[in-house]
Amino acid sequence: MRRADRLFQIVQLIRGRRLTTADYLAQRLEVSMRTVYRDIAALAQQGVPIEGEAGVGYRMRAGFDLPPLMFSKQEAQALVAAVRLAESRLDAALAREAENALSKILAVLPLDARAAAESLALYAPLPALDPATSAHLTALREATEARRKLRMGYLDLGGARSERVVRPLACMFWGPVWTLAAWCELREDFRSFRVDRIETLELLEAKFRDEPGKTLADMNRRHESQAGSTA
């Protein structure tokens, strides 16, 4: 659990009880007592009116409440539109998380904003990604976040097959297709690979770090320079 989520949960647990001990919080959150004490101190420093002390228990001063999520009807509709547009273009795992996140937001919105959002007559009925592309997109996204190298078998548009070891830098959606922006160790240069043309994919144990001339920022600067020279 992220620390921000844990702090939120502590507030909710203390609000719901007359007196809440640190031991109870530690068991519910599956953390140490020391972590609970640090979190309580952090909340107090942020102005949350928690009363009590270690070894006795904690309670919330009367009248305290967390501010509600404040979205206008238009903002709520924009969130629904963004998720609907994205779902058919994302890999299955990320699409589920997007839907889950939206459900949590809608559940706490005022009724009028929620009704306006759910009744939005805007849809994106595009075919979902094929299973192989979806699975590859998930693996590429996770490898990019973990900074892990990949070995992949690739079929280019000319029908030539090759095996590459790459450093995944970013996944990019260009309308009809997803591409992987990467540093290719075979070519010792930046390359873009269509995800739907990746035939095999293996996550390697080897990790990589940003090196001058091999980062996504370097790749973007090169593209900008090339675009400027042809303008």
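Structure shown above.
Draft legend 1. Representation of the sheet that holds strand S5 (residues 178–184). In spatial order, the strands read S6-S5-S4-S3-S7; together these five strands make up an open sheet with antiparallel pairing. Each end of this open sheet is capped by a strand with a single partner; those strands are strand S6 (189–194) and strand S7 (198–207). Strand-to-strand twist across the sheet, computed as the mean angle between neighbouring axes with direction ignored, equals 45°. Bridge count for strand S3 (residues 148–155) against S7 is six bridges, and the pairing is antiparallel. In the sheet register, arginine 148 faces S7, and the bridge partner there is lysine 207. Contacting S3, strand S4 (161–173), S5 and S7, helix H7 (residues 131–146) crosses the sheet at an angle of about 20° to S7.

Draft legend 2. Molecular detail of the layout of surface pockets. Of the pockets and cavities examined, the second largest pocket occupies roughly 240 Å³. What lines the second largest pocket is a set of 15 residues, among which Pro127, Leu129, Phe173, Gly175 and Pro176 lie closest to the centre. The class makeup of the residues in the lining of the second largest pocket is nine nonpolar, three polar and three charged.

Draft legend 3. Seen up close, the packing of helix H4 (residues 73–87) against helix H5 (residues 92–107). Axis separation between H4 and H5 bottoms out at 10 Å; the angle between their running directions is 165°. It follows from the interaxial angle that H4 and H5 lie roughly antiparallel. Seen from above, H4 lies across H5 with left-handed handedness. Between H4 and H5, the residues in contact are Leu79, Val80, Val83 and Glu87 and Ala95, Ala98, Glu99, Leu102, Ile105 and Leu106, respectively.

Draft legend 4. Up close: H7. Across its 16 residues, H7 extends 23 Å between first and last C-alpha, which sits within 8% of the 22 Å expected from 1.5 Å per residue. Taken as a whole, H7 has its buried residues at Thr133, Ser134, His136, Leu137, Thr138, Leu140, Arg141, Ala143 and Thr144. Check the buried side of H7 and you find it contacts H5, S3, S4, S5 and S7. Where H7 begins, the capping side chain belongs to aspartate 130, and its oxygen is found 3.2 Å from the backbone nitrogen of alanine 132.

Draft legend 5. Spotlight on the packing of aromatic side chains. For the coordinates displayed, the defined rule picks out three aromatic pairs. A centroid spacing of 5.2 Å and a plane angle of 50° characterise the contact between phenylalanine 173 and tryptophan 178, whose relative ring orientation is tilted. Taking the relative accessible area as the measure of exposure, tryptophan 178 reaches 14% and is therefore buried. Here tryptophan 183 and phenylalanine 190 contribute two aromatic rings whose centre-to-centre distance is 5.1 Å and whose plane-to-plane angle is 85°, an arrangement assigned as edge-to-face.

Draft legend 6. Structural detail: the environment of glutamate 163. Positionally, glutamate 163 belongs in strand S4. A relative accessible area of 57% places glutamate 163 in the exposed class. Counting along the chain gives 59 residues from glutamate 163 to arginine 222, while the straight-line C-alpha distance between them is 25 Å. Filtering out sequence-adjacent residues up to four positions away, glutamate 163 remains in contact with Arg151, Met152 and Leu186.

Draft legend 7. Structural context of helix H6 (residues 111–118). Those residues of H6 that fall on the buried side of the exposure criterion are Ala113, Ala116 and Ala117. Seen end-on, H6 carries its buried residues on one side only, within an arc spanning 100°. Elements that come into contact with the buried residues of H6 comprise H4 and H5.

Draft legend 8. Spotlight on the packing of helix H1 (residues 3–15) against helix H3 (residues 33–45). At a closest axis distance of 10 Å, the pairing of H1 and H3 adopts a crossing angle of 85°. As far as their axial angle goes, H3 and H1 are roughly perpendicular. On H3, the residues that touch Arg3, Arg6, Leu7, Ile10, Val11 and Ile14 of H1 are Thr35, Arg38, Asp39, Ile40, Ala42 and Leu43. Looking at the contact of H1 with H3 residue by residue, the class counts come to seven nonpolar, one polar and four charged.

What counts and what doesn't
Residues numbered from 1 in each chain as written. Predicted model: local features only at pLDDT ≥ 70, side-chain atom pairs only at ≥ 80, totals over all residues. Heavy atoms only, no water. Pairing = 2+ DSSP bridges. Helix = DSSP H or I, 4+ residues; strand = E, 2+ residues; numbered from the N terminus. Axes fitted to C-alpha atoms, helices over the stretch in contact; angles between N-to-C directions. Contact = heavy atoms within 4.5 Å. 1 Å grid on protein atoms, 1.4 Å probe; cavity = no way out; pocket = protein on both sides within 12 Å on 5 of 7 lines; lining within 4 Å. Points joined across faces, edges and corners; volume = space filled by probe spheres on them. Nonpolar A, V, L, I, M, F, W, Y, C, P; charged D, E, K, R; others polar. Parallel < 35°, antiparallel > 145°, perpendicular 65-115°, else oblique. Left-handed = near helix turned anticlockwise from the far one by under 90°. Expected span 1.5 Å × (residues − 1). Buried < 20%, exposed > 50% of the residue type's maximum accessible area, 1.4 Å probe, protein only. Polar contact = N/O pair within 3.5 Å; in protein donor to acceptor, adjacent residues only side chain to side chain. Phe/Tyr/Trp six-rings, centres within 6.5 Å; stacked < 30°, edge-to-face > 60°. Arc of directions from axis to C-beta.

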